[in-house]
Number of protein chains: 2
Amino acid sequence: MIKIVVDAMGGDNSPVVNVKGAVSALKEIDDLQVVLVGDEAQLQPLLDTESYDKSRLEVLHAPDVISCNDKPTEAIKNKKDSSMSKAFELLRSDSEARAMVSIGSTGALLAGTVLRVGRIRGVKRPAFCPILPTVVPNKIVSICDSGANVDCDALYLQQFAVMGSLYLNKAFGIENPRVALLNIGVEEEKGDAMTKEAYELLKNTASINFVGNMEARDLLKGEVDLVVCDGFSGNVLLKSTEGTCIELMRLIKNAMKSSFKSKIGALLVKSKLYEIKDLMDYNNYGGAVLLGAAKTVVKGHGSSNETAIYNCIKQAYTMEKNELITAIAEEIRLASEVSNL
Amino acid sequence: MIKIVVDAMGGDNSPVVNVKGAVSALKEIDDLQVVLVGDEAQLQPLLDTESYDKSRLEVLHAPDVISCNDKPTEAIKNKKDSSMSKAFELLRSDSEARAMVSIGSTGALLAGTVLRVGRIRGVKRPAFCPILPTVVPNKIVSICDSGANVDCDALYLQQFAVMGSLYLNKAFGIENPRVALLNIGVEEEKGDAMTKEAYELLKNTASINFVGNMEARDLLKGEVDLVVCDGFSGNVLLKSTEGTCIELMRLIKNAMKSSFKSKIGALLVKSKLYEIKDLMDYNNYGGAVLLGAAKTVVKGHGSSNETAIYNCIKQAYTMEKNELITAIAEEIRLASEVSNL
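The sections below set out a description of the structure shown in this document. Nothing here was measured: the structure is a model prediction, and the numbers come from that model.

What about the overall build of chain A?
(1) Moving on: Each helix and strand in chain A was counted, giving eleven helices and twelve strands.
(2) Moving on: For 341 residues, the compact-globule estimate of 2.2 N^0.38 gives 20 Å, and chain A sits close to it at 21 Å.
(3) Moving on: Along the first, second and third principal axes, the C-alpha atoms of chain A reach 65 × 60 × 35 Å.
(4) Moving on: Taking the intrachain contacts of chain A between residues at least 6 apart in sequence as the baseline, contacts between residues at least 24 apart amount to 72%.
(5) Moving on: Here chain A has roughly 13,800 Å² of accessible surface; of this, 49% comes from carbon and sulfur atoms.
(6) Moving on: For chain A, the separation between the mean place of its 39 positive charges and that of its 44 negative charges on side chains is 4 Å.

So, in C-alpha cells, the structure goes:
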C-alpha cells in the first residue's frame, strides 16, 4: 500500500476538485491510500456524495489555509492549523506517508519541503521540475530548475540533470532522456560563467544523455526531454512560454469573434482548436515535483481541475512505486564518489 | 542631411531586400543619405532597376561577407573586406556617418560595435534592445538587455533602464515609458541577489518611470513599455516568446489543414489569422538597437524583408534626428553625479 497525503485546500477550486481527484485515483489504483488534509466540515459533505473504498481514505482535519499572500516561511512556521502545515507534519512524522500532493502556494510548498521534509543526502538544493507539453503529440518536456533556486552554481545544475533524468525515466518511462543546457546559443562556448562551467560538468557526467546547449526558442519542438538551468532563467522560460500561449490563444479567440464570416469559420475549426488547447493544457500532464526532497512532493497548478489532481496523485504514486528517491540517492552518491564533489 | 551606412549583405535575402529597403527609405525621407556597403557586382544591377535620387546614395564596394558561422571578434578583425567590417570602418572614420543598419551576424555586430565604435562616455556596457509587438494593437514592448551581456551587475541594469527609456521616447514617441524589472514574482523581495539590488537602484532612479517587478508571463500584455534584465534571462525571454508564437501558429495551421471541415473553416478565418500574424510580425517593428554605443547601430532580423529594412533605416534616422545619443550621454552623466557611480 502506498500512502499519499493530499492537501485538500489552497487551490482556486479547492476542496471540490481535490476530493473528486482523490476519489478517482482511489478507484483507479488498488494499492493507493489517501489522507485528505483540510476543513472536515467542507470535506465530509463532498465525500458523502461519492462512492469509494472507505478503508483507503481518511480525513485529517485542518481548519486553516495558507494563501498565496502569506509569506511562505512564516506561514509554514506559524499557521500550524493550515492544511499544508498539517500535511507536511504528517509527511514528516508518519514513516508510512510517502508522498504529498498540493495545489496551494508554491512558495509555502518549497519552504515546507525545506523545513519539514529535508533533502536527500548529498543533494545540494531541491529543484522545481514541471512538465510541459510540446507540439509533438505525446512528447513532454521538463525544466529543472524552474524557480526554486534563483542563485545557482554549476554543481547544482549537474545534480538537476541527474535527478531530472531519473525522474523522467521513473515517472514517465522515458528511456535515456535527452538533457540540454539552456543557453543563449547552441555553440559550446556560449553563455555566462556559470553556464560554461555547467556545460563542462554535464559533458563529463556519464549517467546522463547530454545533447548540448539549447536556445529558449526550441523548447516546444519536442527535441529534448529535460532542460537544465538556474531557477531564475528557468522561471522566465516556463512563464514566458505559458504566457505567450495564453495571450496568443486569447487573441485568436477574439479575432474569430470579430466578424460574421469568421464566426462561421470558427465553428468549423473549433474542434481542431480544442485539440490544440487540450494538447497545451497542463491539467493533462501532472504537476511539478520538488526533486531532491527526501520525500516525494508534487505541486499542481493553482487552477487545477479534478483531472489535474488525479494526474498529480497518480504521478506521485508512480514515483513511489518506481522508488525514484532511492534511485536519486544512489546516483548522487555515485556521482559524488566519481567527481569528489 | 543624415548619413546612414547600410550593410547590404549577410541576411537571408540580401542584398535584394537591403537595396529595395534603402531605396524606399530614400523616397520617403528627404534629408536621408545612404551608403550601401557590399559587393558592387551584385548591388549595381539591382540599383539599376530602381529609380531614386542618385545624389543621396552611394555604394562602397566590399567583396566579402561575414557569416553566422564566423567567430565574431575574429571575423571583424580579419575579414577586412567584408561588408560589415567596411561598414564599421566607415562609421568609425567618417564623422558624417551617423548610424549603421545591418541584418548580418548578431555576434559580429556586437563585436564590431565594441571594437570599432566604442561606448558613450560613462556607459558601462552597450545592451541589445529589441522591439516586440504586444496583444494590444499599436503597443510595443522592449527588452533590455536581450543578450549582449550575459554577466551583469545591478548598475548595468540601472543604465539599461535609463537608456531604454530615452530610446523608447526618442525613437517611438512613448511618453514616460513604464519600466519593469524582470523577476520570478511581482513582490519587491523576489529574485536573485543581483535582481534585488537592481530593484533598489531602479526605485531610486528619478529619471525613469519604474513600475516594479514583472513576471515573464506578462510580457505581451502591453502593460509595460520596457523590461530590464540581464542579457541571459533577457535572451531566454525574447527567444521563448518568439519560439512559442512560431510553434503555436504552425500547430494551428497544420490542425486546420487536417480535415475537410476545418479546411473550409480555415478559409473563412484566414484573414483574421493573417491580421494576427501581421500583428506579431517583427518585420513591421524595426530592429534591435545596441544602446550605449557611441554611434547608432540597428540590427534587423536575419530573415528581414524589404519592409523590415526600410523600418530599420527609418528607426536609425529617427534616433539620429532626435539626438538620442546626446540625450543618453547627458542622462548618464547626471545619474553618475547623483549616485556617484
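Things to note about the sheet that holds strand S8 (residues 178-182) of chain A
All names here are of chain A.
(1) Moving on: Strand order across the open sheet formed by five strands is S6-S7-S10-S8-S9, with mixed pairing between neighbours. At either end of the open sheet lies a strand with only one pairing partner, and these are strand S6 (131-133) and strand S9 (209-214). In this sheet, neighbouring strand axes are inclined to one another by 30° on average, regardless of whether the strands run parallel or antiparallel.
(2) Moving on: Examined bridge by bridge, S6 and strand S7 (residues 140-144) share three bridges and lie antiparallel to one another. Among the inter-strand pairings, Pro 133 is bridged to a residue of S7, identified as Ile 140.

Let's talk about the packing of helix H1 (residues 16-28) of chain B against helix H2 (residues 40-48) of chain B
Residue and element names in this part refer to chain B.
(1) Moving on: For the pair H1 and H2, the least separation of the axes is 10 Å and the interaxial angle reads 45°. On the basis of the axis angle, H1 is oblique to H2. Pair H1 / H2 crosses with right-handed handedness. Seen from H1, the contacting residues are Val 16, Val 19 and Val 23; seen from H2, they are Leu 43, Leu 46 and Leu 47.

Describing the relation of the copies chain B and chain A
(1) Moving on: Structural alignment of chain B on chain A gives an RMSD of 0.0 Å, achieved by rotating through 180° and translating 0.0 Å along the axis. What the superposition gives is, in effect, a two-fold axis relating one chain to the other. Residue Gly 265 of chain B of chain B places its C-alpha closer to the rotation axis than any other residue of that unit, at 2.0 Å.

A word on the pattern of salt bridges
(1) Moving on: Evaluation of the coordinates by the stated rule reveals 32 salt bridges over all chains.
(2) Moving on: For Arg 217 of chain A, the salt bridge is made with Glu 242 of chain B, and the minimal N-O distance between the two is 3.0 Å. Here Arg 217 of chain A, found in the loop between S9 and strand S10 (226-228), pairs with Glu 242 of chain B, found in helix H8 (residues 231-256), and the two come from separate chains.
(3) Moving on: Note that Glu 50 of chain B is salt-bridged to Lys 20 of chain B, the shortest N-O span being 3.3 Å. On the criterion of sequence distance, the pair formed by Glu 50 of chain B in the loop between H2 and strand S3 (57-61) and Lys 20 of chain B in helix H1 is long-range, its members being 30 residues apart.
(4) Moving on: Take Lys 20 of chain B: its relative accessible area is 32%, and that puts it in the partly exposed class.
(5) Moving on: Each of the salt bridges in this network shares a partner with another, and the network as a whole consists of Glu 188, Glu 200 and Lys 203 of chain A.

A word on the nonpolar core
(1) Moving on: In this structure, Ile 4, Leu 36 and Tyr 167 of chain A together with Ile 4, Leu 36 and Tyr 167 of chain B are the most contacted members of the largest nonpolar core, which totals 197 residues.
(2) Moving on: If we ignore the near neighbours within four places in the chain, the residues touching Leu 36 of chain A are Val 6, Ala 8, Asn 18, Val 19, Ala 22, Leu 43, Leu 47, Leu 57, Glu 58, Val 59 and Leu 60 of chain A.

A closer look at the state of the cysteines
Residue and element names in this part refer to chain B.
(1) Moving on: Taken as a whole and assessed by the stated rule, the structure comprises zero disulfides over all chains.
(2) Moving on: Between Cys 144, a free cysteine, and Cys 129, which holds the nearest cysteine sulfur, the sulfur-to-sulfur gap is 4.1 Å.
(3) Moving on: A relative accessible area of 0% places Cys 144 in the buried class.
(4) Moving on: Free cysteine Cys 229: the closest other cysteine sulfur is in Cys 144, separated by 7.7 Å.

Quick notes on unusual backbone geometry
(1) Moving on: Cis geometry is found at the peptide bond from Ser 14 of chain A to Pro 15 of chain A, where omega equals -5°.
(2) Moving on: Its place among the elements puts Pro 15 of chain A in the loop between strand S1 (2-7) and helix H1 (16-28).
(3) Moving on: In this structure, the amide linkage connecting Cys 144 of chain B to the following residue, Asp 145 of chain B, adopts the cis form with an omega of 15°.
(4) Moving on: Here Asp 145 of chain B shows up in the loop between strand S7 (140-144) and helix H6 (154-172).
(5) Moving on: The phi dihedral of Asn 138 of chain A is positive, around 65°, even though this residue is not glycine.

Looking at the interface of chain B and chain A
(1) Moving on: Contact residues are listed per partner, giving 52 residues for chain B and 52 residues for chain A.
(2) Moving on: Here chain B meets chain A over a buried area of about 4,700 Å², counting both sides, of which 73% is carbon and sulfur.
(3) Moving on: Among the residues of chain B in contact with chain A, Ile 184, Arg 217 and Phe 232 of chain B are the three that bury the most area, contributing 14% of the side total.
(4) Moving on: Inspection of the chain B/chain A interface yields four salt bridges.

Comments concerning the sheet that holds S7 of chain B
Residue and element names in this part refer to chain B.
(1) Moving on: Taken in spatial order, the five strands of this open sheet run S6-S7-S10-S8-S9, and their pairing is mixed. Every interior strand has two partners, whereas the edge strands, strand S6 (131-133) and strand S9 (209-214), have only one. Each strand of the sheet is rotated relative to its neighbour by a mean of 30°, with strand direction disregarded.
(2) Moving on: This element, H6, spans S6, S7, strand S8 (178-182) and strand S10 (226-228) of the sheet and lies at about 165° to S10.

Overview of the packing of aromatic side chains
Residues and elements named next belong to chain A.
(1) Moving on: Applying the stated rule across the entire model yields four aromatic pairs over all chains.
(2) Moving on: Look at Tyr 167 and Phe 172: their rings are 5.7 Å apart centre to centre, the planes differ by 85°, and that puts the pair in the edge-to-face class.
(3) Moving on: Under the relative-accessibility criterion, Phe 172 is labelled partly exposed at 30%.
(4) Moving on: With centroids separated by 5.2 Å and ring planes inclined at 75°, the aromatic side chains of Tyr 199 and Phe 210 adopt a geometry described as edge-to-face. Residue Tyr 199 is located in helix H7 (residues 193-203), and its partner Phe 210 is located in strand S9; the two are separated by eleven residues in the primary sequence. Neither residue differs from the other here; Tyr 199 and Phe 210 are each classed as buried.

Focus on the environment of Met 194 of chain B
All names here are of chain B.
(1) Moving on: Within the secondary structure, Met 194 is located in helix H7 (residues 193-203).
(2) Moving on: Note on Met 194: relative accessible area 16%, which makes it buried.
(3) Moving on: For the pair Met 194 and Ala 154, spaced 40 residues apart in sequence, the C-alpha to C-alpha distance is 5.6 Å.
(4) Moving on: For Met 194, the residues in contact, after removing those within four places along its chain, are Cys 152, Asp 153, Ala 154, Leu 157 and Asp 230.

A word on the side chain of Asp 94 of chain A
(1) Moving on: The topology assignment puts Asp 94 of chain A in the loop between helix H4 (83-93) and strand S4 (97-102).
(2) Moving on: Those residues in contact with Asp 94 of chain A that lie beyond four places of it in its chain are Lys 3 and Lys 295 of chain A.

Quick look at the environment of Glu 188 of chain B
Residue and element names in this part refer to chain B.
(1) Moving on: Within the element layout of this structure, Glu 188 appears in the loop between S8 and H7.
(2) Moving on: A relative accessible area of 34% places Glu 188 in the partly exposed class.
(3) Moving on: Separated by eleven residues in the primary sequence, Glu 188 and Tyr 199 place their C-alpha atoms 7.4 Å from one another.
(4) Moving on: Contacts of Glu 188, omitting those with residues within four sequence positions, involve Tyr 199, Glu 200, Lys 203 and Asn 213.

Conventions adopted
Residues numbered from 1 in each chain as written. Chains lettered and ligands numbered in written order. Predicted model: local features only at pLDDT ≥ 70, side-chain atom pairs only at ≥ 80, totals over all residues. Heavy atoms only, no water. Helix = DSSP H or I, 4+ residues; strand = E, 2+ residues; numbered from the N terminus. Rg over C-alpha atoms; globule rule 2.2 N^0.38 Å. Contact = heavy atoms within 4.5 Å. Areas by Shrake-Rupley, 256 points an atom, 1.4 Å probe, with all protein chains shown as cover. Lys, Arg positive; Asp, Glu negative; His and termini not counted. Charge placed at Lys NZ, Arg CZ, Asp CG, Glu CD. Pairing = 2+ DSSP bridges. Axes fitted to C-alpha atoms, helices over the stretch in contact; angles between N-to-C directions. Parallel < 35°, antiparallel > 145°, perpendicular 65-115°, else oblique. Left-handed = near helix turned anticlockwise from the far one by under 90°. Least-squares fit on C-alpha atoms with pLDDT ≥ 70 in both. Salt bridge = Lys/Arg side-chain N within 4 Å of Asp/Glu carboxyl O. Buried < 20%, exposed > 50% of the residue type's maximum accessible area, 1.4 Å probe, protein only. Core = buried A, V, L, I, M, F, W, Y, C linked by side-chain atoms within 4.5 Å. Disulfide = S-S within 2.5 Å. Buried area = accessible area lost by both parts, 1.4 Å probe. Phe/Tyr/Trp six-rings, centres within 6.5 Å; stacked < 30°, edge-to-face > 60°.

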